[in-house]
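# Observations on chain architecture
Below are the chains, spelled out letter by letter.
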Amino acid sequence: MSLVRTEGEVFAINDICSHANVSLSEGEVENCHIECWLHGSSFDLRTGKPDCLPATQPVPVYPVKIEGDDVLVSVTQES
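Residues numbered from 1 in each chain as written. Predicted model: local features only at pLDDT ≥ 70, side-chain atom pairs only at ≥ 80, totals over all residues. Heavy atoms only, no water.

An unreviewed UniProt entry lists the protein chain under the name Non-heme iron oxygenase ferredoxin subunit, with Streptomyces luteosporeus given as the organism.

Right, dumping it as structure tokens:
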């Protein structure tokens, strides 16, 4: 699982690309999307759904709650 802070929010997403089985945390983040560094698939950090090919399957995302300085992540998948 990777935590990503962007656009003033914190997101939790599975760290493995659904297309290439590589770490998404090594990719670029822009506008609530993370791009796989290997083949360029992009995933929405809010839903885990792919935005472009070659990925066609979503990656799991997890609910995040901020309490003071703590970032709490539920291990139950949202999608």
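Still more to cover.
A few words on the UniProt feature "domain: Rieske" (unreviewed entry) in the protein chain. When the UniProt feature table is mapped onto this chain, "domain: Rieske" (unreviewed entry) is found at residues 1-73. In this annotation, residues 1-73 is assigned 0% helix and 38% strand; the end-to-end C-alpha distance for the span is 10 Å. (UniProt positions renumbered as here; feature names shortened; annotations may be inferred. Helix = DSSP H or I, 4+ residues; strand = E, 2+ residues; numbered from the N terminus.)

To continue, consider the sheet that holds strand E2 (residues 9-13). If you trace the three strands from one edge of the open sheet to the other, you get E1-E2-E6, paired in antiparallel fashion. Of all the strands in the sheet, the pair left with one neighbour each is strand E1 (2-6) and strand E6 (61-62). Relative to E2, E1 is paired through five bridges, and the arrangement is antiparallel. Paired with Val-4 across the strands is Phe-11, a residue of E2. (Pairing = 2+ DSSP bridges.)

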